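Secondary and tertiary structure notes
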Amino acid sequence: MERPDLTAAIDAAAETLVGVLDSAVSRHRLSVSPTQLRVLSLLSIRPEINVNGLAALLDVVPSSASRLCDRLEAIGLVRRTADPRDRREVRLVPTAAAEVLLAEVRSRRHEAVRAVLERMPARGRQDLLGALVAFGQAATMSSSGASATVPSTGIHLD
């Protein structure tokens with residue numbers, strides 16, 4: 001039996017994970033589109049972002065990002081505020097309602113992933129955790145080539 005290609009296996013697992021996450025949200029009627037949900041997520045983790053910064057993250061022109069925010073503002077999920085450091089700049093801020101929506105989506109996604117994990121053997125879950133931590137560290141490691149050890153797993157990265 002041929003050993004599966006690691007890169008292909010990761011790609012397939014990522015596709016499966018995206019499917020699990022998407023289905024956890026799509027089964028419930030949301031008041032926003034997937035693109036709008038992505039915008040709210042970006043705004044939530046980047047509190048100082050403006051329309052131009054959002055447009056760059058989404059790889060769209062600023063006018064498109066502004067229209068997206070107009071729609072989110074109209075339904076009470078985004079507000080525009082003056083940047084306290086430069087009153088000419090306008091920040092995009094998710095409202096409390098947007099934060100509640102994002103928490104609900106996050107909870108649904110976590111439950112969907114938890115259900116899949118519960119179908120895995122305990123050893124597989126532990127191996128997956130170690131591998132994901134190591135992968136995350138390798139992805140964020142500086143190009144200096146420094147090695148790192150994954151905490152609590154004893155996995156050494158070279």
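I will try to describe carefully the structure that is included in this document. Computed from a predicted model, the values in this text were never measured in an experiment. (Residues numbered from 1 in each chain as written. Predicted model: local features only at pLDDT ≥ 70, side-chain atom pairs only at ≥ 80, totals over all residues. Heavy atoms only, no water.)

So, about the overall build of the protein chain. Tallying secondary structure elements over the protein chain gives six helices and four strands in all. The order of α-helices and β-strands along the protein chain, N terminus first, is α-α-α-α-β-β-α-α-β-β. Out of the 158 residues belonging to the protein chain, those deemed buried represent 24%. For the protein chain, restricting intrachain contacts to residue pairs at least 6 apart in sequence, the fraction spanning at least 24 positions comes to 42%. (Helix = DSSP H or I, 4+ residues; strand = E, 2+ residues; numbered from the N terminus. Buried < 20%, exposed > 50% of the residue type's maximum accessible area, 1.4 Å probe, protein only. Contact = heavy atoms within 4.5 Å.)

Let us look at the layout of surface pockets. Its boundaries defined by the atoms lining it, the largest pocket holds a volume of some 680 Å³. If you trace the largest pocket, you find 17 residues lining it, with Ala13, Ala14, Leu17, Leu128 and Leu132 closest to the centre. Those elements that place two or more of their residues in the lining of the largest pocket are α1 (6–26), α5 (96–118) and α6 (122–140). Here the lining of the largest pocket takes eight residues from α1, the largest share from any one element. Taken together, the residues of the lining of the largest pocket break down into 16 nonpolar, one polar and no charged. (1 Å grid on protein atoms, 1.4 Å probe; cavity = no way out; pocket = protein on both sides within 12 Å on 5 of 7 lines; lining within 4 Å. Points joined across faces, edges and corners; volume = space filled by probe spheres on them. Nonpolar A, V, L, I, M, F, W, Y, C, P; charged D, E, K, R; others polar.)

What follows covers the environment of Gln36. In this structure, Gln36 sits in helix α2 (residues 34–45). Spatially, the C-alpha atom of Gln36 lies 9.7 Å from that of Leu77, the residues being 41 residues apart in sequence. Beyond its immediate chain neighbours, meaning those up to four positions away, Gln36 contacts Ser31, Leu68, Arg71 and Leu72.

Core analysis: the largest hydrophobic core is formed by 23 residues, its most contacted members being Val39, Leu40, Leu43, Leu54, Leu72, Leu77 and Leu92. Considering every element that reaches this core, the biggest residue donor is α2, with five residues. Among residues more than four places away in sequence, those in contact with Leu72 are Val32, Gln36, Val39, Leu40, Leu77 and Val78. (Core = buried A, V, L, I, M, F, W, Y, C linked by side-chain atoms within 4.5 Å.)

Let's shift gears to the pairing of strand β1 (residues 78–83). For a regular strand, side-chain orientation follows a simple rule: the groups alternate between the two sheet faces. Pairing between β1 and strand β2 (residues 86–94): six bridges, direction antiparallel. The residue bridging Ala82 from the neighbouring strand is Val90, located in β2. Linking two consecutive strands that pair antiparallel, namely β1 and β2, is a turn of two residues. (Pairing = 2+ DSSP bridges.)

With that settled, the discussion passes to the pattern of salt bridges. Close approach of charged atoms lets side chains of opposite charge pair. Tallied over the full model, the rule gives seven salt bridges. Between Arg114 and Glu111 there is a salt bridge whose closest N-O contact spans 2.2 Å. Pair noted here: Arg114 and Glu111 are both in helix α5, with a separation of three residues, about one helical turn. The exposure class of Arg114 is partly exposed, given its relative accessible area of 39%. A relative accessible area of 46% places Glu111 in the partly exposed class. In this structure, the salt-bridge partner of Arg123 is Asp127, at a minimum N-O distance of 3.2 Å. Pair noted here: Arg123 and Asp127 are both in helix α6, with a separation of four residues, about one helical turn. We classify Arg123 as exposed; its relative accessible area is 64%. Taken together, the salt bridges that share partners define one network made up of Asp70, Glu73 and Arg80. (Salt bridge = Lys/Arg side-chain N within 4 Å of Asp/Glu carboxyl O.)

Nothing here speaks to function; it is geometry throughout.
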